[in-house]
Each structure stands twice: as structure tokens, then as C-alpha cells.
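# Structural overview
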Amino acid sequence: MNEKAKVITSAAIKGGVGKTTISFNVGCYLARQGKKVLLIDLDHQASMTSNYHFNDTQKVMSDMTEIFADAYDTSIKDTKIRPMKIDENLYGLSTSDSLDKSGNLFMGMNSGVFVLHRYLNFIGAKDDYDYIIIDTHPDFNLATENAIVCADILLIPIQGSSYSFDSILKMQSKYNELQKSIIDINGNSYVNAQIIYFGNLVEFNTASSHQFIKDMQETDGFVGYLHKREAFVSSEKKYFVLDYLNNKMESASKKNTKSAEKEYTRASKAYTEISSQLDNLCKAFQQLG
Ligand SMILES: Nc1ncnc2c1ncn2[C@@H]1O[C@H](COP(=O)(O)OP(=O)(O)O)[C@@H](O)[C@H]1O
Ligand SMILES: [Mg+2]
């Protein structure tokens, strides 16, 4: 069978670089373009889960913690855990803080890194969705390894400061280690993602941000960057960032004052920039994997 879903795993060594923000907003953007998208939260801090706005029942019924809860797959054979609808074309699997403890159960078991793969097969997700986007915790724990094993594309957000180049090297060496350790009987690795880098939180017009962009453009796999934009903070946990900016433009255009005009211009600039960068990122997904 021809599996259609492209699996994108967002990972980084550091927290606070925009993994969750980018995963959620790219998912919303693709869904608005008519693609069927599944978001999977595998970070036990559950930030993406709170973006779904699920009620308690929906949270329990889509909680990935149950899938990682036992080492012998009975959890997958009988599970009722399913993606729940967030919005048109957009579905989510959530998480809870106990996901963090599940790694211990699989200690020393090679099969522990294939739990997510088996669950996605079980629910037929690869035939059902166009894109599966997985958010992870900033370390190489068991859940992150599961997400990387499933990935066609490994999306690594890089924070816009020169120091972050260190994190590219660290990430590459972690990835190489994992690739060497998860191999089949013939020595072929199960880890075969294309790595792409996406700049985030880039300051406007500073010497170090110019240098960052220049260096990133020379880095293999670099596909674009987002500026540091207040809209991401204000829309966090509430909306898709482009909806937030649209609302701002609409409410500003109803008023007829100088400050409303300024607000309109600011929101419209941010809208144009963010949508064009999200578009670049989605084009890169289409070309890869
Ligand atoms: N481009 C951006 N501009 C401004 N704030 C951002 C941007 N991207 C992310 N943020 C903010 O930075 C914080 C960390 O982002 P988050 O996506 O939670 O990072 P991570 O998932 O890597 O820990 C959040 O408060 C988020 O709203
Ligand atoms: Mg996060």
C-alpha cells in the first residue's frame, strides 16, 4: 500500500526555541490549505495539548501516555485511544505529564523505540492523513526517539543567535548516534529522516541577526526563518497565529484613528511575513521525504 502521510518530527536540544509554536502553527496552516493533519504531542509538558482546547474526556481519549504504558503491546492491541478533532482537517493526539515515566518500562528493550510506529500502523494513520506533525521534549528520551524513528523529516528550529550553532552540531551528533544504534538484522538503520533547519525568534535588523541569517544560508538543509513577533506570544494557547493577526486587522480597520492605522499596518506586515515563511516551510516538506 502506498502510504501517503509525510511525518514531520520537530526536535531540538534546547527548550524555548519554538518547537511547539512552529509545530502547531504549521499544522493549522496545512489544515487550512485542505490537507488532513494529525498533531501528536510527545512532550510530557503538554504545551501543544493545551493548544487543542480539548475537554477532559477528549484529553483522556487521545492521551498517548496510555500507548507508552506497557512494554508488551497489549496497550496497542486493545486501545481505544484515537485522534480527536481540533478543527476542520485538524486532529490531535495529546499527552500528560506521566509520559515522562514510560521510558523506564522499556529499559534495555530494543522494541521500545517502535511503539509509536506500531500505534500509527494500528490506527492506519499513514493512509488517513496527509501530514503527521510530532512535537517532542528537548532531549533524546524514549518518546523523542520514537518520534525520530517515524520521521520522514526532522524539523529543527534554531534560535536566532550565534550561540545556537552549537546546538546544530550537538543535534547532528545525537542524531548520528541514534541512527547507528537502531538497525535491522542487515545493519540498515530505521532512522532515515531528512534534516531541515528553520530559524526562529530572529531579531529585526541587528548585527548578530544579520550574521545569523548569513551563516544559516550557508548551512545545508536551512529552509527559512521567522522573526521574533509579538503575535506568537499573544496568540499562544489561543489561536492559529494568522487568525489572531486577521482579527487584529479587522478590529483596527473598524476604527478610524492614527493608532488603529498603525496597528493595522503592523498586523498586516506580520501576517504577510509569517504566511510567506510558513509557505516556504510547507514547500520544503513537499520536496523532501
Ligand atoms: N517567532 C517568535 N516570536 C516571538 N515569540 C515566539 C516565537 N516563537 C516562539 N515564541 C515564544 O517563545 C516561547 C517558547 O516557544 P515554544 O514554541 O514553547 O518553544 P519550545 O517548544 O521549543 O520549548 C513561547 O512563549 C512562544 O510563544
Ligand atoms: Mg515545546
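Residues numbered from 1 in each chain as written. Chains lettered and ligands numbered in written order. Predicted model: local features only at pLDDT ≥ 70, side-chain atom pairs only at ≥ 80, totals over all residues. Heavy atoms only, no water.

Broken down by element type, the protein carries twelve helices and eight strands. In terms of overall dimensions, the protein is globule-like: its C-alpha atoms have a radius of gyration of 19 Å, near the 19 Å expected for 289 residues. Taking the principal axes of the C-alpha coordinates as reference, the protein spans close to 65 × 45 × 35 Å. When the 289 residues of the protein are sorted by exposure, 51% land in the buried category. Within the protein, counting contacts between residues at least 6 apart in sequence, those at least 24 apart form 78% of the total. (Helix = DSSP H or I, 4+ residues; strand = E, 2+ residues; numbered from the N terminus. Rg over C-alpha atoms; globule rule 2.2 N^0.38 Å. Buried < 20%, exposed > 50% of the residue type's maximum accessible area, 1.4 Å probe, protein only. Contact = heavy atoms within 4.5 Å.)

With respect to the helices, strands and loops of the structure, N246 is situated in helix 11 (residues 241-254). Here N246 falls in the partly exposed class, since its relative accessible area comes to 31%. When the C-alpha positions of N246 and E261 are compared, they lie 14 Å apart, and in sequence the two are 15 residues distant.

With 14 residues, helix 11 should reach 20 Å at 1.5 Å per residue; the first-to-last C-alpha distance of 20 Å fits that figure. If you follow the buried residues of helix 11, they end up packed against helix 1 (19-32), helix 10 (230-235) and helix 12 (258-287). (Expected span 1.5 Å × (residues − 1).)

Although it is not a glycine, A46 adopts a positive phi angle of roughly 60 degrees. By relative accessible area, which is 18% here, A46 ends up buried.

With mixed pairing, eight strands are arranged side by side in an open sheet as 3-4-2-5-1-6-7-8. Looking at which strands have only one partner, the edges of the open sheet turn out to be strand 3 (84-87) and strand 8 (222-227). Ignoring which end each strand starts from, the neighbouring axes of this sheet average 25 degrees apart. Of the strand pairs in this sheet, strand 1 (residues 6-10) and strand 6 (residues 153-159) are connected by three bridges, and their pairing is parallel. Bridge pairing in strand 6 links I8 to I153. Packed onto the sheet, helix 12 meets strand 1, strand 5 (131-136), strand 6, strand 7 (194-202) and strand 8 and runs at close to 160 degrees relative to strand 8. (Pairing = 2+ DSSP bridges. Axes fitted to C-alpha atoms, helices over the stretch in contact; angles between N-to-C directions.)

Within the secondary structure layout, A267 lies in helix 12. On the basis of relative accessibility, which here comes to 3%, the residue A267 falls in the buried class. Residues A267 and L201, spaced 66 residues apart in sequence, show a C-alpha to C-alpha distance of 17 Å. Excluding residues that lie within four positions of it along the chain, A267 makes contacts with L245, K248 and M249.

Residues in contact with ligand 1 amount to 15 residues; listed here are only the nearest, G16, K19, T20, T21 and N200. At a separation of 2.5 Å, an oxygen atom of ligand 1 approaches a polar side-chain atom of T21. A distance of 2.8 Å is found between a nitrogen atom of ligand 1 and a side-chain nitrogen or oxygen belonging to N200. Coverage of ligand 1 by the protein amounts to 83% of the 560 Å² it exposes when considered alone. At the level of elements, helix 1, strand 7 and helix 10 are the ones that each hand at least two residues to the shell around ligand 1. For the shell around ligand 1, the element with the most residues is helix 1, which contributes three residues. Counted by class, the shell around ligand 1 contains four nonpolar, seven polar and four charged residues. (Near = heavy atom within 4 Å. Polar contact = N/O pair within 3.5 Å; in protein donor to acceptor, adjacent residues only side chain to side chain. Areas by Shrake-Rupley, 256 points an atom, 1.4 Å probe, with all protein chains shown as cover. Nonpolar A, V, L, I, M, F, W, Y, C, P; charged D, E, K, R; others polar.)

On to the nonpolar core, then. Core analysis: the largest hydrophobic core is formed by 50 residues, its most contacted members being I40 and L42. Tallying contributions element by element places helix 7 (residues 142-150) first for this core, with six residues. By size, the runner-up hydrophobic cluster in this structure holds 38 residues, among which are L39, I153, A231 and L281. (Core = buried A, V, L, I, M, F, W, Y, C linked by side-chain atoms within 4.5 Å.)

Moving on: the pattern of salt bridges. Inspection of every chain in the model, using the stated rule, returns ten salt bridges. Salt-bridge contacts for K36 lead to D128; the nearest nitrogen and oxygen are separated by 2.9 Å. Taken together, the residues K36 in the loop between helix 1 and strand 2 (37-42) and D128 in helix 6 (residues 125-128) connect sequence positions 92 residues apart. Judged by relative accessible area, K36 falls into the partly exposed class, the value being 21%. Among the salt bridges present, the one from R229 reaches E273, with a minimum N-O distance of 2.8 Å. Taken together, the residues R229 in the loop between strand 8 and helix 10 and E273 in helix 12 connect sequence positions 44 residues apart. Look at E273 and you get buried, because its relative accessible area is 16%. Overlapping salt bridges bring together R32, D87 and D243 as one network. (Salt bridge = Lys/Arg side-chain N within 4 Å of Asp/Glu carboxyl O.)

All quantities given are derived from atomic positions and should not be read as evidence of function.
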